[in-house]
Amino acid sequence: MKGKFVVANWKMNCNISEAKALVSEIIESYKKLKIVNCKLKIVLCPPFTALQSVSLIIRSSDYSFIHLGAQNCHFMPCGAYTGEISPKMLKDFCDFVILGHSERRKFFGETDELINKKIRTVLDVGLCPIVCIDEYKKGEKSEIIFNQVEKAIQDVKEKDLEKIIFAYEPIWAISTSADRQDCEPSYASKIIKEIKELLHNKTPVFYGGSVDVSNISAFVNEQMLDGFLVGGASLKPKSFIKIIETVGAKDVSKS
Ligand code: PGA
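To start, this report covers the structure provided alongside it. (Residues numbered from 1 in each chain as written. Predicted model: local features only at pLDDT ≥ 70, side-chain atom pairs only at ≥ 80, totals over all residues. Heavy atoms only, no water.)

**As for the site of the ligand**
- Close to the ligand lie N9, K11, H101, E169, I174, S175, G209, S210, L229, V230, G231 and G232, which account for all nearby residues.
- At 2.4 Å from an oxygen atom of the ligand is found a side-chain nitrogen or oxygen belonging to S175.
- Interatomic distance of 2.7 Å between a backbone N/O atom of S210 and an oxygen atom of the ligand.
- Relative to its unbound accessible surface of 280 Å², the ligand loses 99% to contact with the protein.
- Per-class residue counts for the shell around the ligand are 3 nonpolar, 7 polar and 2 charged. (Near = heavy atom within 4 Å. Polar contact = N/O pair within 3.5 Å; in protein donor to acceptor, adjacent residues only side chain to side chain. Areas by Shrake-Rupley, 256 points an atom, 1.4 Å probe, with all protein chains shown as cover. Nonpolar A, V, L, I, M, F, W, Y, C, P; charged D, E, K, R; others polar.)

Here you go:
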């Protein structure tokens with residue numbers, strides 16, 4: 001996968017009209033940016049209820065580098081699972097789906113085994129999983145992080161490994177964490193390098209955790225990071241577009 005990614009995780013925010021307003025403002029602001037020849041990819045992940053509306057607006061923009069993603073899905077393609085959304089249904093709108101976010105692990109008891117099942121079904125239907133890897137305490141033993149990666153790819157076909165994206169998202173750095181701490185870009189880079197080595201450098205790895213206008217320039221200087229998963233700042237169009245501009249400018253200068 002060439003070019004950096006900026007992924008917007010809107011979490012449980014935005015009804016349909018708010019989501020339409022947000023994506024429209026992002027697109028209108030993007031038009032005013034002077035980014036040319038960059039390989040940047042943007043993935044917007046609204047809640048399920050807004051996927052169709054956001055999808056229509058993205059498609060009518062003709063910006064093929066803006067993609068749609070979901071924030072979760074079930075591990076089966078279809079069946080008697082009341083209230084669930086399957087990867088096959090998401091395929092109507094999305095190219096990506098976030099899996100194993102720390103909020104899903106923490107509030108909904110998702111385990112590495114469940115996340116692995118979801119990854120395999122998502123790959124089978126042709127979506128790209130963005131798999132979140134947590135770190136509960138700063139400086140936690142690398143084995144805990146590696147264990148999540150290893151369990152995530154269990155029984156994944158060799159040829160599918162390069163179709164997965166990982167996101168290193170230390171819980172302690174997420175903007176809504178009670179005891180939030182800053183994650184230094186060099187620290188993120190070190191862990192991401194280790195994750196990539198574990199995956200034989202076949203898989204892109206993003207960083208997520210309080211990425212905003214104040215720190216994106218520093219993060220973007222770390223070559224090891226293939227993209228950014230942005231929560232809170234992605235709901236503020238001006239901040240989000242500034243992040244895109246900063247990442248895009250770096251992508252151009254590298255090309
Ligand atoms: P944050 O969220 O950017 O608000 O820290 C990131 C995430 O939870 O994906």
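Further notes follow.
**Some remarks on the sheet that holds strand β2 (residues 41-45)**
- Read around the barrel, 8 strands follow the order β1-β2-β3-β4-β5-β6-β7-β8 and close on themselves; strand pairing throughout is parallel. Taken pair by pair, the neighbouring strands of this sheet meet at an average axis angle of 25 degrees, ignoring direction.
- Of the strand pairs in this sheet, strand β7 (residues 205-208) and strand β8 (residues 227-230) are connected by 2 bridges, and their pairing is parallel. Of the residues in β8, the one forming a bridge with Y207 is F228.
- Here helix α2 (residues 51-61) sits on the sheet in contact with β2 and β3 (66-70), set at roughly 170 degrees to β3.
- Running over the sheet, helix α7 (residues 185-198) touches β5 (128-135), β6 (165-170) and β7 and is turned about 150 degrees from β7. (Pairing = 2+ DSSP bridges. Helix = DSSP H or I, 4+ residues; strand = E, 2+ residues; numbered from the N terminus. Axes fitted to C-alpha atoms, helices over the stretch in contact; angles between N-to-C directions. Contact = heavy atoms within 4.5 Å.)

**As for the nonpolar core**
- The biggest cluster of nonpolar side chains holds 71 residues, and the ones touching the most others in it are F166, Y168 and Y207.
- Here this core takes 6 residues from helix α1 (residues 16-32), the largest share from any one element. (Core = buried A, V, L, I, M, F, W, Y, C linked by side-chain atoms within 4.5 Å. Buried < 20%, exposed > 50% of the residue type's maximum accessible area, 1.4 Å probe, protein only.)

**Considering the environment of P87**
- Tracing the backbone shows P87 in helix α3 (residues 87-90).
- Its relative accessible area of 0% is what places P87 among the buried residues.
- C-alpha of P87 to C-alpha of Q71: the two residues are 16 residues apart in sequence and 11 Å apart in space.
- The residues contacting P87, other than those within four sequence positions of it, are C73, H74, M76, P77, T121, V122, V125 and L127.

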